[in-house]
Amino acid sequence: MEGQVGSSILRIDNSIHYSVSSKRRIFAFIQHAWGTFDMLSCALSIVISLLSNTGTRFVQYQSLQIASPADAAVFVIKIILYAAVLYLIIRAVVSFWDGSTHGRTGSASAPARSPILSIRLSDRGLYRACFLIMMAAWLLWVIPHLPGTMRDDSIPQYLQYFGYVDYYTQHPIFDTLCFGIFWDMGAALGSPLIGLSIYIIVQCALTAACFSLLLVYLRRRGVPDAALVIFLVFYSFARVIYQPVDAMSKDSWNGWSFVLSMICVVEIARTHGACLQRRLYLFGTIVSIFICIASKRTMLYVLTPTLVLFALTQIRRKRSWAARTFAAGTVPALAFLLIWNPLTVALFGATQNTTHEMLSVPVQQVIYTVKENPSALSDEERRELSEYIQIDRAVQVYNPWRSDEATGCINPDGDVKTLVKYWIKLGLEHPKDYLASFMNIAGQWFSLDIPINYGHDLEDELLTDARMEGWASFFPEGGKREAESVLRSFRSERPESLQKSYEVLEQIDSMRATRLPVFSSFGLYAFAIPITVAAWSIARRNLVSLGMSLIPLLLLCTFLIGPIALYWYTVPIVYIAPLMLSFPLLANQR
């Protein structure tokens, strides 16, 4: 009897001890994750919450649209709630970065072992495992969606490749030729849809190979195994990944080469250019960046300036390293501008398109201000501005979410100095209108509530009656009938055996987009992550991490000054999200 009582007391005592120990561990975890109040996390959470909710309002209503005091209260409460949740998340991430980077200066040749999870695979084994997991996960989506889809720009590229219309430089000729390889395969096998299906599988394989290489790179540089598992899950199952890899799009095609280029750029920043002493690495960097620029011209304004700036900062350290960094940035750009571009334009007789995309924001702001304030310009000022842009027509066709309609009214021989003059004048007089116009076209980039939805149904999105009217413009003689004749080969019916799987996947995808929009939102990838990493780098005076952040920040700038907040533009910054989150972990290593 006494033994039983003693045993019970012992069990109770152990239980109490275990309970106290668990509470201490939980408290220690909370203290480690959030610690004391952090001003950086607080400032970031407020800025991101404010811009996110404001951006969402502008997308929905074209203004802040405060209808009543109750509506204002709801808006303010939402900002506060978003900021509170964001603070907890950002504080935990910042705490993790601070803890991981403290005392890690030096070599990181061995993978970091996590007490929570440890990957016991060689680098080659990890690469194979990641590749196979990603391919298997993506094929669950790709197979029921075969033959895949195409971006709207890919239709004109198809028409160019097969000679229905002349080549023009709005769409990269490099991409058109790459797509043409698969269109030719399809033609030889009886249908362009077969070529499209082959292209989708090849693109999946290339993208999975580059993502796997990135994860192995992160592991070799000491990123914890638990983080690698999270990144692998993201790459395998995130809807912002499996949707674009299932599309023939210049953005998706550019994505895999951009990931390769980013690995090279990050390593150059991490080693201050020392990695380029290996000729093979230098050659691989130049080739990767050339492909990236040739497949998407925007990368010329993102990758080249970053590497040139790196080279300037490396001159004091070692000039030979700086010279190679400079070569890595400029040789691909010069090869594209002086060799590839003029050669292909001449060879295919391509028309050089005049583009005003860089003027999207000032044109939108001027036209919106004139539209809202007809008396903002005197008759003489209106006549002078009309020499640059057809004001009356631009006001009529003004689209708050896209600048193409307004910039399409710019006169070919107009002097941009006239635009600059009246842009400054009207901006000083009507700052609120300028802010409203900017948020209308750019607000979506800040929103954590608006999910990215890439196209994933070829016929429903590109071959509708409305779309066919657009494609008919490429056939001035035959019109819609000829367009239908040329493009009908892209129409198909899904096999009944795949229909059920297709419907289930679409339902799941839609549910994830509507119930958890933040995980696939514009604002998360285009704004919140880049800004958080850059702000941490500045606050911690970590110049290497800040240097790595230059490319995401430059991408953000291209988004904000672009003609539209288009989902396809997000592909490169979504693809490198895990790498961005790893910048602080890589920056203190040599």
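Residues numbered from 1 in each chain as written. Predicted model: local features only at pLDDT ≥ 70, side-chain atom pairs only at ≥ 80, totals over all residues. Heavy atoms only, no water.

Participant: Lay out the overall build of the protein chain in plain terms, naming residues and giving numbers.
Facilitator: When helices and strands are tallied, the protein chain shows 28 helices and two strands. Its C-alpha atoms give the protein chain a radius of gyration of 27 Å, near enough to 25 Å, the size a compact globule of 590 residues would have. A separation threshold of at least 6 residues defines the contact pool for the protein chain, and within that pool the share at least 24 residues apart is 80%. In the form shown here, the protein chain has an accessible surface area of approximately 28,000 Å², with 64% of it arising from carbon and sulfur atoms. Placing the 49 positive and 44 negative side-chain charges of the protein chain at their respective mean positions leaves the two points 15 Å apart. (Helix = DSSP H or I, 4+ residues; strand = E, 2+ residues; numbered from the N terminus. Rg over C-alpha atoms; globule rule 2.2 N^0.38 Å. Contact = heavy atoms within 4.5 Å. Areas by Shrake-Rupley, 256 points an atom, 1.4 Å probe, with all protein chains shown as cover. Lys, Arg positive; Asp, Glu negative; His and termini not counted. Charge placed at Lys NZ, Arg CZ, Asp CG, Glu CD.)

Participant: How would you summarise helix 21 (residues 465–472) if you had to cite specific residues and measurements?
Facilitator: Along helix 21, the residues classified as buried are Met468, Trp471 and Ala472. In a view along the axis of helix 21, the buried residues occupy a sector of 105°, so they form one face of it. The inward-facing, buried residues of helix 21 contact helix 5 (154–161), helix 20 (458–462) and helix 22 (479–487). (Buried < 20%, exposed > 50% of the residue type's maximum accessible area, 1.4 Å probe, protein only. Arc of directions from axis to C-beta.)

Participant: Tell me what's going on with the packing of helix 10 (residues 250–271) against helix 12 (residues 300–314), and back it up with residues and numbers.
Facilitator: Interaxial distance between helix 10 and helix 12 falls to 11 Å at its minimum, and their mutual angle equals 10°. Put simply, helix 10 runs roughly parallel to helix 12. As helix 10 runs across helix 12, the sense of the crossing is left-handed. In contact with Phe258, Ser261, Val265, Ile268 and Ala269 of helix 10, helix 12 contributes Leu303, Thr306, Leu307, Phe310 and Gln314. The residue makeup of the contact of helix 10 with helix 12, split by class, is seven nonpolar, three polar and no charged. (Axes fitted to C-alpha atoms, helices over the stretch in contact; angles between N-to-C directions. Parallel < 35°, antiparallel > 145°, perpendicular 65-115°, else oblique. Left-handed = near helix turned anticlockwise from the far one by under 90°. Nonpolar A, V, L, I, M, F, W, Y, C, P; charged D, E, K, R; others polar.)

Participant: Go over helix 6 (residues 173–189) with me, naming the residues and quoting the values.
Facilitator: The first and last C-alpha atoms of helix 6 sit 24 Å apart over 17 residues, in line with the 24 Å expected at 1.5 Å per residue. For helix 6, the set of buried residues is Ile173, Phe174, Asp175, Thr176, Cys178, Phe179, Gly180, Phe182, Trp183 and Gly186. Backbone geometry just downstream of helix 6 places Gly190 in the positive-phi region, at approximately 110°. (Expected span 1.5 Å × (residues − 1).)

Participant: Tell me about the nonpolar core, residues and numbers included.
Facilitator: Counting 154 residues, the largest nonpolar core has Trp138, Ile241, Ile389 and Leu487 as its most contacted members. Looking at which element gives the most residues to this core, the answer is helix 7 (residues 192–220), with 13 residues. Each residue touching Leu487, except ones within four places of it in the same chain, is listed here: Ile155, Tyr158, Leu159, Leu463, Met468 and Trp471. (Core = buried A, V, L, I, M, F, W, Y, C linked by side-chain atoms within 4.5 Å.)

Participant: An account of the packing of helix 14 (residues 360–372) against helix 19 (residues 431–442) is requested, with residue identities and associated values reported.
Facilitator: Geometry of a packed helix pair, given as the angle between the helix axes and the separation of the axes. Two elements in contact, helix 14 and helix 19, have axes whose closest approach is 9 Å; the angle formed by their N-to-C orientations is 125°. In terms of their interaxial angle, helix 14 and helix 19 are classed as oblique. In terms of crossing hand, the pair formed by helix 14 and helix 19 is right-handed. Note on element contacts: helix 19 touches helix 14 through Asp433, Tyr434, Ala436, Ser437, Phe438 and Ile441, opposite Val361, Gln364, Gln365, Val366, Tyr368, Thr369 and Glu372. Broken down by class, the residue content of the contact of helix 14 with helix 19 amounts to seven nonpolar, four polar and two charged.

Participant: I'd like to hear about the pattern of salt bridges, residue by residue, with values.
Facilitator: Scanning the entire structure with this criterion turns up 23 salt bridges. We note a salt bridge from Arg467 to Asp152, for which the minimum N-O separation is 3.9 Å. With Arg467 in helix 21 and Asp152 in the loop between strand 1 (149–150) and helix 5, this residue pair connects regions lying 315 residues apart in the sequence. Glu267 is the salt-bridge partner of Arg270, the closest N and O atoms lying 2.8 Å from each other. With a gap of three residues between them, Arg270 and Glu267 both fall in helix 10, about one helical turn apart. Comparing Arg270 with Glu267, the two get one shared label, buried. One salt-bridge network, held together by shared partners, links Arg151, Asp152, Asp153, Lys250, Asp251, Lys296 and Arg467. (Salt bridge = Lys/Arg side-chain N within 4 Å of Asp/Glu carboxyl O.)

Participant: Describe in detail the side chain of Ser249, supporting the description with residues and values.
Facilitator: Here Ser249 is to be found in the loop between strand 2 (247–248) and helix 10. The exposure class of Ser249 is buried, given its relative accessible area of 0%. Engagement of the side chain of Ser249 in a polar contact is seen with the side chain of Asp251, the distance being 3.0 Å. The contact partners of Ser249, leaving out residues within four places of it in the chain, are Arg151, Ser154, Phe179, Tyr199, Gln203 and Trp568. (Polar contact = N/O pair within 3.5 Å; in protein donor to acceptor, adjacent residues only side chain to side chain.)

Participant: Mind laying out unusual backbone geometry, listing which residues take part and the relevant values?
Facilitator: A negative phi angle is the norm for most residues apart from glycine, just as the trans form is the norm for most peptide bonds. Cis geometry is found at the peptide bond from Leu146 to Pro147, where omega equals 10°. Its place among the elements puts Pro147 in the loop between helix 4 (123–142) and strand 1. Backbone geometry places His272, a non-glycine residue, at a positive phi of 55°. Taking the relative accessible area as the measure of exposure, His272 reaches 16% and is therefore buried.

Participant: A description of the confidence of the model for the protein chain should follow, citing residues and the corresponding values.
Facilitator: Averaged over every residue, the pLDDT of the protein chain is 89; the share at 70 or more is 91%. At the low end of the mean pLDDT range in the protein chain sits helix 1 (residues 2–33), at 52; at the high end sits helix 27 (residues 571–575), at 98. Considering only residues more than four positions removed or in separate chains, one finds that residues 105–116, a stretch of pLDDT under 50, has 23 contacts. (pLDDT = per-residue confidence, 0-100.)

Participant: Could you give an account of the state of the cysteines, naming the residues involved and the relevant values?
Facilitator: Disulfide: a covalent bond formed between the sulfur atoms of two cysteine residues. In this structure the tally under the stated criterion is zero disulfides. Here Cys130 is not disulfide-linked; the sulfur of Cys210 is the nearest cysteine sulfur, at 13 Å. With no disulfide partner, Cys204 has as its closest neighbouring cysteine sulfur the one in Cys210, 12 Å distant. Under the relative-accessibility criterion, Cys204 is labelled buried at 1%. (Disulfide = S-S within 2.5 Å.)

Participant: Give me the packing of aromatic side chains: which residues, what numbers.
Facilitator: Applying the stated rule across the entire model yields 30 aromatic pairs. Judged by centre distance (5.5 Å) and plane angle (40°), the rings of Tyr199 and Trp253 are tilted. Separated by 54 residues along the polypeptide, Tyr199 in helix 7 and Trp253 in helix 10 bring together distant segments of the chain. The buried category is assigned to Trp253, whose relative accessible area is 8%. Ring plane angle 80° and centroid distance 5.6 Å describe the contact between Trp253 and Trp256, whose orientation is recorded as edge-to-face. Within this pair, Trp253 and its partner Trp256 are both found in helix 10, separated by three residues, close to a single helical turn. (Phe/Tyr/Trp six-rings, centres within 6.5 Å; stacked < 30°, edge-to-face > 60°.)

Participant: Just give me the short version of a nonpolar patch on the surface, but keep the residues and values in it.
Facilitator: A surface patch of nonpolar side chains, about 510 Å² in accessible area, is lined by Leu334, Leu337, Leu338, Ile339 and Leu343. In this structure, Leu338 sits in helix 13 (residues 319–348). (Patch = residues over 30% accessible without salt bridge, like charges linked within 9 Å, V, L, I, M, F, W, Y side chains within 5 Å.)

Participant: Help me get a handle on the environment of Ile289, residues and values and all.
Facilitator: Topologically, Ile289 is positioned in helix 11 (residues 279–295). Separated by 40 residues in the primary sequence, Ile289 and Gly329 place their C-alpha atoms 7.9 Å from one another. Those residues within four positions of Ile289 in sequence are excluded, and the remaining contacts are Ser261, Leu303, Leu307, Ala328 and Pro332.

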